Structure formats: structure tokens, C-alpha cells
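Tertiary structure, described
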Amino acid sequence: MHDMRTTINAFVFVVIATFIPAVALADILETWESGTENAGVNGDLTWYGDTAAYDVASEVWPSGPDFDGDRSLRSENAVDDIPATVVTRIDSSLRFDKDLTWSVYFSGNTTTFSSNRRADLILMADTNDVNDIEDPGTANGINGYKVTLTDPYANATDNKPPSSHEDTTALGDSLTLWSVDDTDHRWRVVGSVEVSSSSGMADGWNIEVKRSSTGDWYIGYSNGAYGTETGGWNNVGSDTVSMTAFSGTAVYGGVGWLAPDNTETDLDDFGFDNFQLIPEPATLSLIVLAGALLGFRRNFKKA
């Protein structure tokens, strides 16, 4: 009987030890609700990069849908025609054999798409040097993925910064997935989802990006108030940079904004809310199985 109990205990331990990692990964979430207004980028997470180009501010916009809660991250003191990017560390929630979902809400005042007005969702970068993220050509080499909301550049020489992205003449108003590896030094298109030409950047954008456990990438989006359900997933390709580049190292994600010159409302009236990374949770069946095994173990000991 003792040997049987030992066997049962060992079996339950192995199953639970296998189950625990599936639920141990926590979400990455920044709502900026805990932040101090008008004091740069601050909140629940530690942020790096162009922190002076943003402020935590009210969720209320002069035009366009309001953000969630009481506070949001708003562009402030940004520089004409220069990207402003902030990132936070996210590798504690990365597990590439599970589905991963990033999301953010973006809104502002202007309604115009243009090639030098761009919102970025940084999904993964193996550096927190935002100069290298914004312009991989100046770096020793970085690996990364990001999604942009923009009317892509007419040609490579129009890039901001110059030559930081490949020529994307064929794309219209879009949400575009990009990647870069440490040998190329330029963001390259993985795939794109066209958005309605009648949609403006001030219409409120719920943006979601999913990477499946098999390396396929999807983009979903909706316009309107925060929390408006996205209209399904659009497949935009598969891994172009191996996940091994992001294993065993610090990895960062975040947001960025680029505005043209002579448009003060662009520089000061765009922003983000609820930056989030969700690793695939344990399924209900796994939770039920673990509970059943623990109950079986207790009942067996009483026998």
C-alpha cells in the first residue's frame, strides 16, 4: 500500500508540476491609472526611452472617443518628424509554445492618415534603446516585431528616420506587421491589413495582435470607444525572425508616435491606453484536471 501511495503521489506531483507553468505567466498590463499626471511616463511598470515626449493625462479628449478609466498616456513635447517611443520589459510573460496576444488602445484629434503620421505598437525588441528600435540602421543589430497604424511611406527615402523601413509603396492605409533581424538593419513588412480609407486616426483604435504557438501572426482591430469588440482575426504571415532571438534575454514592448511638423495638435494630442500582453492561460480542462487529481490524492490517503 505504501508503494501505491508513493506512486500516486509521484504521479500527481508530475501532473501538477506540468500544469503550474501554464498558469504561472502573468499578464503585462499598463493602464497608467496609478500614474502622476503631467510628470512624464509613469505608472505600474518601468518605462524606458523617450519618456519626456509623453505625459500621463486625463482620459478625456477634445475630440474622438475618450480613453478608459481616469488616465491615459498622451503625447507631449514630442519633436517634429522624429519618432517618440517608450518600452517596458515583457519577457516574464513570453512563452513561445503558447499563444500570445498584445493589445493597446490608440486615439487622438486629427483625422488624417499620412506617411509621416504613425502610431507604433512595439511587440518585441531585444533592446530598450529606442533609437535602435526606431532606426535599426544605427544599431549593432536588433531583433524585433512591431505593428504600425499609418499610410505607409511612398518610398524608402521618405522614411522617418530615413531608410529605417523598406519601401512599402504597394500598401494603402493599413495596420502592418513588421520585423527586423540583427543582420538586416531595416524593418521589413511581414503582412498587412488594409483599413477603410474613411477611417481616421482619431476614430479610436482597439488594436490586437496575436502570435500563435505555431508561429502564425494575426491582427484584429475595431474603431470606436475602448473595448469595442474587434472584427475577427486577419492572418498576416508567419515568423520571419526566429523566437530563439528572444529567448534567454531581456525583451521589451511598448508604444510609439510620429507626427509631422507644423501640426501642434498632433504633437500634443495623441496617446495610448491599456497596453497589454496576455500569454495563453491554462484551459478550463487543465484546471478541472488538477483539481480532480488533488481531490483523488486526498481521498486515497484517507482510504
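Look above for the structure.
From a predicted model like this one, the values you see are computed outputs, not experimental measurements. (Residues numbered from 1 in each chain as written. Predicted model: local features only at pLDDT ≥ 70, side-chain atom pairs only at ≥ 80, totals over all residues. Heavy atoms only, no water.)

1. Focus: the overall build of the protein
We apply this condition: Numbering of helices and strands runs from the N terminus; a helix is a DSSP stretch of H or I covering at least four residues, while a strand is a stretch of E covering at least two. Contact definition: two residues touch when any of their heavy atoms are within 4.5 Å. Using the Shrake-Rupley algorithm and a 1.4 Å probe, accessible areas are obtained, with residue cover drawn only from the displayed protein chains.
If you tally the helices and strands in the protein, you get four helices and 15 strands. A separation threshold of at least 6 residues defines the contact pool for the protein, and within that pool the share at least 24 residues apart is 68%. When the accessible surface of the protein is totalled, it reaches about 13100 Å², and 50% of it is carbon and sulfur.

2. Section: the sheet that holds strand E14 (residues 252–258)
Applied cut-off: Note on pairing: DSSP must find at least two bridges between two strands before they are called paired.
The strand order across the open sheet formed by seven strands is E2-E5-E14-E7-E8-E9-E10, and the pairing between neighbours is antiparallel. With one partner strand each, in any of the chains shown, strand E2 (48–49) and strand E10 (188–194) form the two edges of the open sheet. Relative to E14, strand E5 (residues 84–89) is paired through six bridges, and the arrangement is antiparallel. Bridge pairing links Thr 88 to Gly 253 in E14.

3. Details of the packing of aromatic side chains
Worth spelling out the cut-off: Stacked, tilted and edge-to-face are the three classes assigned to paired rings of Phe, Tyr and Trp, where Trp is represented by its six-membered ring and a pair needs centres within 6.5 Å; plane angles under 30 degrees give stacked, over 60 edge-to-face, the rest tilted. With a 1.4 Å probe rolled over the protein chains alone, any residue whose accessible area is under 20% of its type maximum counts as buried; one over 50% counts as exposed, and the rest are partly exposed. For a Lys NZ or an Arg CZ to count as sitting over a ring, it must be within 6 Å of the ring centre and within 35 degrees of the ring normal.
If you walk through the whole model with that rule in mind, you get twelve aromatic pairs. Pairing Phe 106 with Trp 257 gives two aromatic rings, centres 5.8 Å apart and planes at 40°, and the pair type is tilted. Residue Phe 106 is found in strand E6 (residues 100–108), and its partner Trp 257 is found in strand E14; the two are separated by 151 residues along the sequence. Under the relative-accessibility criterion, Phe 106 is labelled buried at 1%. Arranged with centres 5.5 Å apart and planes meeting at 20°, the rings of Phe 106 and Phe 270 form a pair that is stacked. Placement of Phe 106 in strand E6 and of Phe 270 in strand E15 (residues 270–279) is noted, with a sequence separation of 164 residues between them. Neither residue differs from the other here; Phe 106 and Phe 270 are each classed as buried. Taken together, the aromatic side chains of Trp 102, Tyr 145, Trp 217 and Phe 246 make up a single cluster linked through ring pairs. A cation sits over an aromatic face here: Lys 146 above Trp 187, 4.8 Å from the ring centre.

4. Observations concerning the pairing of strand E4 (residues 71–75)
In terms of burial, E4 is a largely internal element, four of the five residues being buried. Taken together, the two bridges between E4 and E15 define a ladder with antiparallel strand orientation. Across the sheet, Leu 73 pairs through a bridge with Phe 272, a residue of E15.

5. Concerning the nonpolar core
This is how it is decided: What makes a nonpolar core is a set of buried Ala, Val, Leu, Ile, Met, Phe, Trp, Tyr and Cys residues whose side-chain atoms join them at distances within 4.5 Å.
Judged by nonpolar contacts, the single largest core of 48 residues is most densely connected at Trp 102, Met 124 and Trp 217. Once you skip the residues sitting within four places of it in the chain, Trp 102 turns out to touch Ile 90, Leu 94, Leu 121, Leu 123, Met 124, Ile 207, Glu 208, Val 209, Arg 211, Trp 217, Gln 276 and Leu 277.

6. Digging into the pattern of salt bridges
Quick reminder of the rule: We define a salt bridge as a side-chain nitrogen of Lys or Arg found within 4 Å of a carboxyl oxygen belonging to Asp or Glu.
Tallying each qualifying case throughout the model produces eight salt bridges. The residue Arg 95 makes a salt bridge to Asp 97 at a minimum N-O spacing of 2.8 Å. Asp 97 sits in the partly exposed class, given a relative accessible area of 46%. Salt-bridge contacts for Asp 120 lead to Arg 118; the nearest nitrogen and oxygen are separated by 2.8 Å.

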